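Below, each chain spelled out in residue letters.
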Amino acid sequence: MRVVLDTNAIIFLNDFRNFDEIFTVPEVIQEIKDKKTSMKLSGMTVKTREPDAESIQSVRKMASETGDLGKLSETDIKILALANEKKLVIVSDEYNIQNVAEKIGLDYVSVFNKKIKKLVIWRSYCEYCKKFYDDQVRCSRCGSELIRKRESNITLRPEKLK
């Protein structure tokens, strides 16, 4: 299996033998601060790649469509872009990453947590006017600060739940 690892995967996984090829982005390597993980990383063969701008833009668009864009770091976006470019499996426990990966059609594996069971579409919502908005912070009717709320859930195919 060819994979791209996020920072938590590198920190918490101890056995990387099931992976044929391991990739990550430079920012993940820079996030590794502790000595134990640095030593682990030095004993691994990890290919560090920077995704191209077109892939990053494509991921931003998909993340915007799911409502996850504001919850993803730049590193998360690059991990998704690299996985999309190279057709890699993402190893991450972060549900926002998994949600966008599902939208894109990428495979993903969790380290500790269960994988997501539904693709969630998040939107900005006014609790007072009961109205959904795209990419807004304040309600255009009453001026209230909007919250992030599920607009819909799409149940995944049974084979994706494993």
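Please refer to the structure placed before this passage.
The structure contained in this document is the topic of the report that follows. (Residues numbered from 1 in each chain as written. Predicted model: local features only at pLDDT ≥ 70, side-chain atom pairs only at ≥ 80, totals over all residues. Heavy atoms only, no water.)

1. Some details on the nonpolar core
The biggest cluster of nonpolar side chains holds 37 residues, and the ones touching the most others in it are Val4, Leu5, Phe19, Leu80, Ile90 and Val91. Looking at this core, the elements with two or more residues in it are β1 (2-5), α1 (7-12), β2 (21-24), α4 (53-66), α5 (74-86), β4 (89-91) and α6 (95-104). Ranked by residues supplied to this core, first place goes to α5 with six residues. Non-local contacts of isoleucine 90, meaning those with residues more than four positions away in its chain, are made with Val4, Ile79, Leu80, Ala83, Ile97, Ala101, Leu106, Asp107, Tyr108 and Val109. (Core = buried A, V, L, I, M, F, W, Y, C linked by side-chain atoms within 4.5 Å. Buried < 20%, exposed > 50% of the residue type's maximum accessible area, 1.4 Å probe, protein only. Helix = DSSP H or I, 4+ residues; strand = E, 2+ residues; numbered from the N terminus. Contact = heavy atoms within 4.5 Å.)

2. Description of unusual backbone geometry
In this structure, lysine 87 takes a positive phi of about 55° despite not being glycine. Its location among the elements puts lysine 87 in the loop between α5 and β4.

3. Here we look at the packing of α4 against α6
A pair of packed helices is captured by two measures, namely the crossing angle of their axes and the spacing between those axes. Contact geometry of α4 with α6 gives a least axis separation of 9 Å together with a crossing angle of 105°. By the angle class used here, α4 and α6 are roughly perpendicular. Seen from α4, the contacting residues are Val59, Met62, Ala63, Glu65 and Thr66; seen from α6, they are Asn99, Val100, Lys103 and Ile104. Partitioned by chemical class, the residues of the contact of α4 with α6 number five nonpolar, two polar and two charged. (Axes fitted to C-alpha atoms, helices over the stretch in contact; angles between N-to-C directions. Parallel < 35°, antiparallel > 145°, perpendicular 65-115°, else oblique. Nonpolar A, V, L, I, M, F, W, Y, C, P; charged D, E, K, R; others polar.)

4. Some details on the sheet that holds β1
Judged by pairing direction, the sheet is parallel, and its five strands sit side by side in the order β3-β2-β1-β4-β5 without closing on themselves. Either end of the sheet is taken by a strand with one partner, and the two such strands are β3 (46-48) and β5 (108-109). In this sheet, β3 lies alongside β2 in parallel orientation, the contact comprising three bridges. Of the residues in β3, the one forming a bridge with threonine 24 is threonine 48. (Pairing = 2+ DSSP bridges.)

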